[in-house]
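What follows is the residue order along each chain.
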Amino acid sequence: MKKCALKGSKIYLSSTYKIPNNFTTRKERGRVQFFQNKEGMFFLRLSNVTHEDEGMYCLRILTDVEKQRFLGFPGFYSIMEGESPVLFCKTTCDLSGKTNFTWYKNGKRLSERIVSEQLLLPSVSSDDTGNYSCAVRDQKHLSSPAVTLSVRYPPKSVSVSISPSGVIVEGDSVTLSCSSDSNPPALIFRWFKENQSSAVGSGQSFSISSFNSSHSGRFYCKAQNQHGSQRSASVSPWIFLQISPTTATNSHYHLTILQQ
């Protein structure tokens, strides 16, 4: 697949592979980074592209085990959520008469009713992401090379978590964390407090270094990728002041954070 990008912009390339349970991945830094979504798709982000970046890109896997090196060639198709792609099954054989075809997703047959050389995927969603292949008349052992369908979509299922939970001492740090499901992964996060028009913070985490009663209110985050943004539900840290049984001149207060 040919992809174009403006000089100085960012571009995402996607691929898929299965990592054994005892393997871990290393993330590169600088202009080249990669991310993984919930469906197991990996995305290479190349920032600040230049003319020197032109060329064909392949997936190469290097391990710390001797002779365990793998090379994958491009075989993916990226499409926007809601579109309706058509996949075509072709064969070099001269088939006579009406020929039935079998379609597979991630190695499993899609449906016995799908026998055409064309596979229509109406209004695709993230659930349609996967590896598609075809074969003639249930000849799975002679199936085509798999093509990876990557469905792009804006952030959804955006949520906020608070740490620590339970009782904290006034003056301690509190961290709000934002998570989302998107393809490609959301890289822009902004934090807001309800009834305030401007953002109070940015980044996937937002920390309050010295929490006190003035920080009470309803907080939410917005996650964004190049296809759109979505906000989370508001989280209300309710503050409950618990007075310790000490002298009146040296009272201590404890704060309990409750999520609504």
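Parameters and conventions
Residues numbered from 1 in each chain as written. Predicted model: local features only at pLDDT ≥ 70, side-chain atom pairs only at ≥ 80, totals over all residues. Heavy atoms only, no water. Helix = DSSP H or I, 4+ residues; strand = E, 2+ residues; numbered from the N terminus. Buried < 20%, exposed > 50% of the residue type's maximum accessible area, 1.4 Å probe, protein only. Contact = heavy atoms within 4.5 Å. Areas by Shrake-Rupley, 256 points an atom, 1.4 Å probe, with all protein chains shown as cover. Disulfide = S-S within 2.5 Å. pLDDT = per-residue confidence, 0-100. Pairing = 2+ DSSP bridges. Polar contact = N/O pair within 3.5 Å; in protein donor to acceptor, adjacent residues only side chain to side chain. Patch = residues over 30% accessible without salt bridge, like charges linked within 9 Å, V, L, I, M, F, W, Y side chains within 5 Å. Salt bridge = Lys/Arg side-chain N within 4 Å of Asp/Glu carboxyl O. Core = buried A, V, L, I, M, F, W, Y, C linked by side-chain atoms within 4.5 Å. Phe/Tyr/Trp six-rings, centres within 6.5 Å; stacked < 30°, edge-to-face > 60°. Lys NZ or Arg CZ within 6 Å of the ring centre and 35° of its normal.

S.K.: Lay out the overall build of the protein with the relevant residues and their values.
M.R.: Scanning the protein for helices and strands turns up zero helices and 21 strands. Expressed as a percentage of the 260 residues in the protein, the buried residues total 32%. Across the protein, every contact between residues at least 6 apart in sequence was considered, and the portion connecting residues at least 24 apart equals 59%. Looking at the protein as shown, the accessible area adds up to about 16,800 Å², and 50% of this sits on carbon and sulfur atoms.

S.K.: Would you mind going over the state of the cysteines in detail, with residue names and values included?
M.R.: What the rule picks out here adds up to two disulfides. Across the disulfide, Cys89 is cross-linked to Cys134 (sulfur-sulfur distance 2.0 Å). Taking the sign of the S-S torsion, 85° for the link of Cys89 and Cys134, the bridge is right-handed. Of this pair, Cys89 sits in the loop between strand E7 (86-88) and strand E8 (101-105) while Cys134 sits in strand E11 (residues 130-136), and the two are 45 residues apart along the sequence. Judged by its relative accessible area of 5%, Cys134 is buried. Between the sulfur of Cys178 and that of Cys221 lies a disulfide, 2.0 Å long from S to S. Between Cys178 and Cys221 the sulfur-sulfur dihedral comes to about 55°; the bridge is accordingly right-handed. Taken together, the residues Cys178 in strand E14 (residues 174-183) and Cys221 in strand E18 (residues 219-225) connect sequence positions 43 residues apart. By sequence-ordered numbering of the bonded cysteines, the protein has its disulfides arranged as 1-2, 3-4.

S.K.: Got a sec to walk through the confidence of the model for the protein? Specific residues and values, please.
M.R.: Residues of the protein with pLDDT of at least 70 account for 68%, and the chain-wide mean is 77. The least confident element of the protein is strand E21 (residues 253-258), whose mean pLDDT is 46; the most confident is strand E19 (residues 228-231), at 96. Taken as a whole, residues 239-243 scores under 50 in pLDDT and shows 17 contacts with residues more than four places along the chain or in a different chain. Between residues 253-260, whose pLDDT stays under 50, and residues either more than four places distant or in other chains, the model counts 42 contacts.

S.K.: Help me get a handle on the pairing of strand E17 (residues 205-208), residues and values and all.
M.R.: With burial as the criterion, only one face of E17 is covered, namely that bearing Phe206 and Ile208; the residues Ser205 and Ser207 on the opposite face remain uncovered. Pairing of E14 with E17 involves four bridges; the strand directions are antiparallel. If you follow Leu176 over to E17, its bridge partner there is Phe206.

S.K.: Tell me about the side chain of Ser111, and name the residues and values.
M.R.: Relative to the elements of secondary structure, Ser111 occurs in the loop between strand E9 (108-109) and strand E10 (118-120). At 3.2 Å, the side chain of Ser111 and the backbone nitrogen of Arg113 are in polar contact.

S.K.: Residue-level account of a nonpolar patch on the surface, with values.
M.R.: Residues Val86, Phe88 and Leu120 make up a contiguous nonpolar surface patch of roughly 290 Å² in combined accessible area. Mapped onto the fold, Val86 is located in strand E7.

S.K.: I'd like a rundown of the nonpolar core, residues and numbers included.
M.R.: Ranked by internal contacts, the top residues of the largest apolar core, which has 16 residues, are Val160, Leu176, Cys178, Trp191, Phe206 and Cys221. Secondary structure elements with two or more residues in this core: strand E12 (147-163), E14, strand E15 (188-193), E17 and E18. Core analysis: the next-biggest nonpolar cluster, separate from the first, contains twelve residues, Cys89, Phe101, Leu119 and Leu149 among them.

S.K.: So what's going on with the pattern of salt bridges? Which residues, and what values?
M.R.: Summed over all chains, the structure comprises three salt bridges. Taken together, the shared-partner salt bridges in this structure form one network comprising Glu194, Arg218 and Arg231.

S.K.: So, the packing of aromatic side chains: which residues are in play, and what are the values?
M.R.: Taken as a whole, this structure holds three aromatic pairs when the rule is applied. The interplanar angle of 40° and the centroid separation of 6.3 Å between the aromatic rings of Phe206 and Phe219 together place this pair among those described as tilted. Remark: Phe219 occurs in strand E18 and Phe206 occurs in strand E17; sequence separation between them is 13 residues. Residue Phe206 shares its accessibility class with Phe219, and that shared class is buried. Among the aromatic residues, those joined into a cluster by ring pairs are Trp191, Phe206 and Phe219. Against the face of Tyr153 rests Lys156, its NZ or CZ located 4.6 Å from the ring centre. Positioned above the aromatic ring of Phe192 is the side chain of Lys222, whose terminal nitrogen or guanidinium carbon lies 5.3 Å from the ring centre.

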